[in-house]
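Tertiary structure, described
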Amino acid sequence: MNIFFKSTFFFLFLMTSFSAFSQNETLNWYFGKNAGINFSSGYAEPISNSQMNTYEGCSSISDSLGNLLFYTNGVNIWNRNHELMLNGTALMGDTSSTQSALIIPQPQNPNIYYLFTSDVINHTDNGNVTKGLRYSVIDMNLDNGFGAVNSQKNILLSDSVSEKLSAILSPDKSFVRIFSHEWGNNIFISWKLTKFGLDALPTKVAAGTPHIQIEPNFVLNGIGQMKCSPKGNKLAVGLLRASIVEIFDLDIFTGNISNPITIDFDFQAVYGIEFSGNESKLYVTADRKIFQIDLSSGNPTTIINSLTEVYTSLFFIASLQLAVDNKIYCALVNSNYLSTINYPDSIFPKCNYQENSFGLDNKMSRRGLPSFIQSNFKTPFFKYQKTCFEDETEFLITDISGIDSVYWDFGDINSGINNFSKILNPKHIFTNSGGFSVKLKTWISGIESEYQRIIIIVKLPEISLGNDTVFCSQDSVLIGVNSNHLNIIWNNLETTDSIWVSLPGKYSLQAQNIYTGCINKDSINIDFDFNPEISLGNDTSFCENTSFMISAFAPNLTYLWNTSSTDSEIFVENPGKYFVTITNPKGCKSTDTLNLEQILIPVFSLGNDTIICENTILQIGVEIENTDYLWNDGTSNSYLLVYQKGIYSLRTENICGFFEDSIFVDTKYCGEIFIPNIFTPQNDGINDVFYIKGIEEGIWELTILNRWGQKIYQTKNYENNWKAENCESGVYFYVLKNYEEKIELKGTVRVVK
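Attention here is on the structure that accompanies the text. As a convention, each chain's residues are numbered from 1 in the sequence order in which they are written. With pLDDT at 70 or above as the cut-off, local features in this predicted model cover only qualifying residues; side-chain atom pairs require 80 or more to be listed or tallied, and sums for whole chains, interfaces and linings still use all residues. The side-chain numbers reported here are obtained from all heavy atoms of the structure, hydrogens and water having been left aside.

Notes on the overall build of the protein
- Only DSSP runs of H or I with at least four residues qualify as helices, and only runs of E with at least two residues qualify as strands; both kinds are numbered from the N terminus onward. The secondary structure content of the protein amounts to two helices and 58 strands.
- Computed over C-alpha atoms, the radius of gyration of the protein comes to 54 Å, more than 25% over the 27 Å expected from 2.2 N^0.38 for 753 residues, which places it beyond the range of a compact globule.
- Along the first, second and third principal axes, the C-alpha set of the protein runs to 175 × 70 × 55 Å.
- Sorting the 753 residues of the protein into buried and exposed places 47% on the buried side.
- Here, residues are in contact when the closest pair of their heavy atoms is within 4.5 Å. Partitioning the contacts of the protein with sequence separation of at least 6, the portion at a separation of at least 24 is 53%.
- Using a 1.4 Å probe, accessible areas were evaluated by the Shrake-Rupley method; residue-level cover was limited to the displayed protein chains. Accessible surface computed for the protein: about 36600 Å², of which carbon and sulfur atoms make up 49%.
- Charge counting treats Lys and Arg as positive and Asp and Glu as negative, with His and both chain ends excluded. Note on charges: their place is set at NZ of Lys, CZ of Arg, CG of Asp or CD of Glu. Counting 51 positive and 78 negative side-chain charges, the protein places the centres of these two groups 8 Å from one another. Based on C-alpha atoms, the radius of gyration is set beside the globule rule, defined as 2.2 Å times the residue count to the power 0.38. The buried label applies to any residue whose accessible area, calculated with a 1.4 Å probe on protein chains only, is under 20% of its type's maximum; exposed applies above 50%, and partly exposed to all values in between.

Below, the structure is given as structure tokens:
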């Protein structure tokens, strides 16, 4: 918790104590059709996350560490998440106004920003611009730090102005002066923004050519950029229809504009204006051409005569904007590229204009580039170079005249004693990438001065070839990295992002970011081997109540079974799927699987003893796979047909053992009651008893009478057991009764002895 608090406090302190006005405010540009540039590395890199589409004017702002805050086209505002800002719509600029928007931080109030908007000159209403120049206030404390437009929205400053906006910070950083120009006259208007707010009334200065209609229904003199010079000594303005550029002397403190120098561009449509960083050169675009004007002499005639054509493009060249890398970027209308003036402080041709020199990742440039406070681009007291992480960053004081001693604090507390230096132009290796607040104290004749800049140490390209790897049973393998915005070179001199490798060895690459120049390296050791051979055999079976050994043994291997065993062989007692992964010393693996079934001893049951009806058939037996059968009658079928009384036994046998079971089957008469009319009780075992079929023994009453009607035998529970004892051969009468069922049967039976 303490570490987090200290870290958070440090950056909050850094961002609030360091001036809100720095070059880092200009590190993120958003413009055109979803186009953008990031300068955090000190070099321009395209970004493609913009949600904005604007034909001309726009503005963007970052914090003192270079982190995006918001951007706008003068109509809508998008926050750092590229979502529409709360209350940040329906502003009164216009996407077709030359400089439709300009964002200004309020001095000494780091969370408040003023957004000035300028409407388009509309020839359909005779040049009377209805929306005019307005401002809205953005409070970054609102909406959980994403910012929102507060109640001060679309506040009118002037109802009739040209499409021109520029601003400059005072030398003591106590105020920003914002400039515009009235329509219909030659009056420049400006306001001071201080920690107390915006001037109630503007400063008005009449100077130069009136911004008026030249022809009926043509108000094109309201179109064209206006720029303050980085040090605030000059102001230049372009008038498209008049085809002129005017250069003035500027007093930041009073807002006075004077001593115009007018340069005629011979009916060419003037649009873009920009000063070089040291204010010695002015660049102007007109139609497809770009011009340089040398201001270094200070002599009006010499300045006018210095007008030089730098380049004629295939595209219309529109807005110009100086950047923190001290290059001027040129908007090419409806192109996926910008052009650059690489050394704008130098006289032509050393200024080095390059057509289509900066790609926008397939996003589109239109006419506009973002507007900023121009003083953000003035030459700082000290410069630095070599900002890639792990590089030795070099610091250079731009003017060492009269300096007695210096003291540097690099803001890199993790570097220990190396965080400080008393060398005039020192070098320092930063311990991490990101933002660092570098402070410089100088002493001249005993007078101490302090300067501070936040510099960005750039991360190296993020590349990784992965861990050293053995590729198994492959002839070749593709290795590589994501090469977006990178130049790649391998140790075999190939320059593609990926290469096919078929031989063992060490492969290394160097990746250089095409924008930052930062270089990172990585390497990987690659080996090839074969997957080890393995066979657990065919799927098989084993007997119950036994164990089965599965072996995967081979020399110099490690094993991992699905039972978690790491032995070369395992003993199992249950059926199922068993598999093993074997690994050789180089890490190549093979897997095999064995399906085991378990064979059971052929246990069965013929069932309980039973009774069947006479003249019927009973099927007994069992069906068991892979089993032999043997009945006690010698047959070997799995089933036996039984139709007579007896004991029947079966023996089953397979490779795992045998089992026996038997059943007693009895028979009975199952038809209607049948009473014989004769029986022969001669003790020969044949027809010896009076046997009545179809009765249930024990519930019938039987009475036997002789011919004279004398009762000679009677039982209430006849069990088919009368043998005519003590009776002679002859005919006898019977009476058979079932009292429960109320049945009575009568007849005669002959006894033969």
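That covers the picture; the talk isn't over yet.
Focus: the pattern of salt bridges
- Note on definitions: salt bridges are taken to be side-chain nitrogens of Lys or Arg within 4 Å of carboxyl oxygens of Asp or Glu. On inspection of all chains with the given rule, the structure shows 16 salt bridges.
- Taking the shortest distance from any N to any O, the salt bridge between D294 and K281 comes out at 3.9 Å. Of this pair, D294 sits in strand β23 (residues 289-294) while K281 sits in strand β22 (residues 281-286), and the two are 13 residues apart along the sequence.
- Exposure remark for D294: the relative accessible area of 18% places this residue in the buried category.
- On the accessibility criterion, K281 (7% relative accessible area) is buried.

Things to note about the side chain of D294
- At 2.7 Å, the side chain of D294 and the side chain of S296 are in polar contact.
- Excluding anything up to four places from it in sequence, D294 contacts S280, K281, I303, S306 and I347. Pairs of N or O atoms are called polar contacts if they sit within 3.5 Å, as long as, within protein, a hydrogen donor faces a hydrogen acceptor (for residues adjacent in sequence, only side-chain-to-side-chain pairs).

Considerations on the sheet that holds strand β4 (residues 59-62)
- Within the open sheet, the three strands sit side by side as β4-β5-β6. Their pairing is antiparallel. The sheet is open, and its two borders are formed by β4 and β6 (77-79), each paired with just one other strand. Put simply, the sheet's adjacent strands are angled 15° from each other on average, direction ignored.
- Any two strands are treated as partners once DSSP identifies two or more bridges connecting them. With three bridges connecting them, strand β5 (residues 68-72) and β6 associate as antiparallel partners. Looking at the pairing, T72 lines up with I77 of β6. Each axis is a line fitted through C-alpha atoms, and for a helix only the stretch in contact is used; angles between axes span 0 to 180 degrees, taken between their N-to-C directions.

Things to note about the environment of E494
- Its location among the elements puts E494 in the loop between β38 (486-490) and β39 (498-501).
- Setting aside anything within four residues of it in sequence, one finds E494 in contact with I488, I489 and I499.

A word on a negative patch on the surface
- Together, E696, E697, E719, E740 and E741 make up a negatively charged patch on the protein surface.
- Along the chain, E741 turns up in the loop between β57 (730-738) and β58 (743-751). Patch membership requires over 30% relative accessible area and the absence of a salt bridge. Like charges are linked within 9 Å, and nonpolar side chains (Val, Leu, Ile, Met, Phe, Trp, Tyr) within 5 Å.

Things to note about the nonpolar core
- F31, I37, F39 and Y329 are the most contacted members of the largest nonpolar core, which totals 38 residues.
- Elements that contribute at least two residues to this core include exactly β1 (28-31), β2 (35-38), β5, β25 (317-322), β26 (328-332), β27 (337-341) and β28 (353-359).
- Of the residues forming this core, the biggest block, five residues, is contributed by β26.
- To define a nonpolar core, start from buried Ala, Val, Leu, Ile, Met, Phe, Trp, Tyr and Cys residues and group those joined through side-chain atoms within 4.5 Å. I104, Y114, L169 and I178 belong to the second-largest nonpolar core, a separate cluster that totals 19 residues.

A look at the sheet that holds strand β40 (residues 505-513)
- An order of β36-β41-β40-β38 is seen for the four strands of this open sheet, with the pairing classed as mixed. Strands with a single pairing partner mark the edges of an open sheet, and in this sheet they are β36 (469-472) and β38. With strand direction ignored, the average angle separating the axes of adjacent strands in the sheet is 30°.
- In terms of strand pairing, β38 meets β40 through five bridges, oriented antiparallel. When the sheet's bridge partners are listed, N487 is paired in β40 with Q512.

Details of unusual backbone geometry
- Looking along the chain, the bond that leaves F348 and enters P349 is cis, with omega of 5°.
- Its identity as a non-glycine residue notwithstanding, F267 has a phi of 70°, on the positive side.
- Following the sequence through the fold, F267 ends up in the loop between β20 (257-264) and β21 (270-275).
- On the basis of relative accessible area, F267 is assigned to the exposed category, the value being 80%.
- We note that E390 has phi near 80°; this positive angle belongs to a residue other than glycine.
- Assignment of secondary structure puts E390 in the loop between β29 (382-385) and β30 (393-397).
- The exposed category is assigned to E390, whose relative accessible area is 54%.

Regarding the packing of aromatic side chains
- Each Phe, Tyr or Trp ring (for Trp, its six-membered ring) is paired with any other whose centre lies within 6.5 Å, and the angle between the two planes then decides the class: stacked below 30 degrees, edge-to-face above 60, tilted in between. Applying the stated criterion across every chain, the model contains 37 aromatic pairs.
- In this structure an aromatic cluster arises from ring pairing among W29, F39, Y329, F358, F372, F377 and Y515.
- Over the face of the ring belonging to Y271 we find R367, whose NZ or CZ atom lies 5.5 Å from the ring centre. Two conditions define a charge located above a ring, namely a distance within 6 Å from the ring centre to NZ of Lys or CZ of Arg, and an angle within 35 degrees of the ring normal.

Regarding the pairing of β25
- Taken across its six residues, β25 has six buried, putting it largely inside the fold.
- Sheet topology places β25 next to β26; four bridges connect them, and they run antiparallel. Bridged to I317 within β26 is L332.
- With antiparallel pairing between neighbouring strands as the criterion, β25 and β26 make up a hairpin whose turn holds five residues, including N326 at a positive phi of roughly 65°.

Topic: the side chain of S180
- With respect to the helices, strands and loops of the structure, S180 is situated in strand β13 (residues 176-181).
- Overall, the relative accessible area of 0% leaves S180 in the buried class.
- Looking at S180, its side chain comes within polar contact range of the main-chain oxygen of K164, at 3.1 Å.
- Each residue touching S180, except ones within four places of it in the same chain, is listed here: L133, V161, S162, K164, L165, F188, I189 and M226.

Quick word on the pairing of strand β53 (residues 657-668)
- By the bridge criterion, four bridges tie strand β48 (residues 610-613) to β53 in an arrangement that is parallel. Counterpart to I611 in the pairing with β53 is D666.
- Bridge count for strand β52 (residues 646-654) against β53 is nine bridges, and the pairing is antiparallel. Looking across to β53, one finds that Y648 is bridged to I663.

Some points on the state of the cysteines
- Count a disulfide wherever a pair of cysteine sulfur atoms falls within 2.5 Å. Summed over all chains, the structure comprises four disulfides.
- At a sulfur-sulfur separation of 2.0 Å, the disulfide partner of C472 is C588. Judged by the torsion about the S-S bond (-90°), the C472/C588 disulfide is left-handed. Of this pair, C472 sits in strand β36 while C588 sits in the loop between β46 (576-583) and β47 (589-599), and the two are 116 residues apart along the sequence. Like C588, C472 is buried.
- Here C613 engages in a disulfide with C670; their sulfurs sit 1.9 Å apart.

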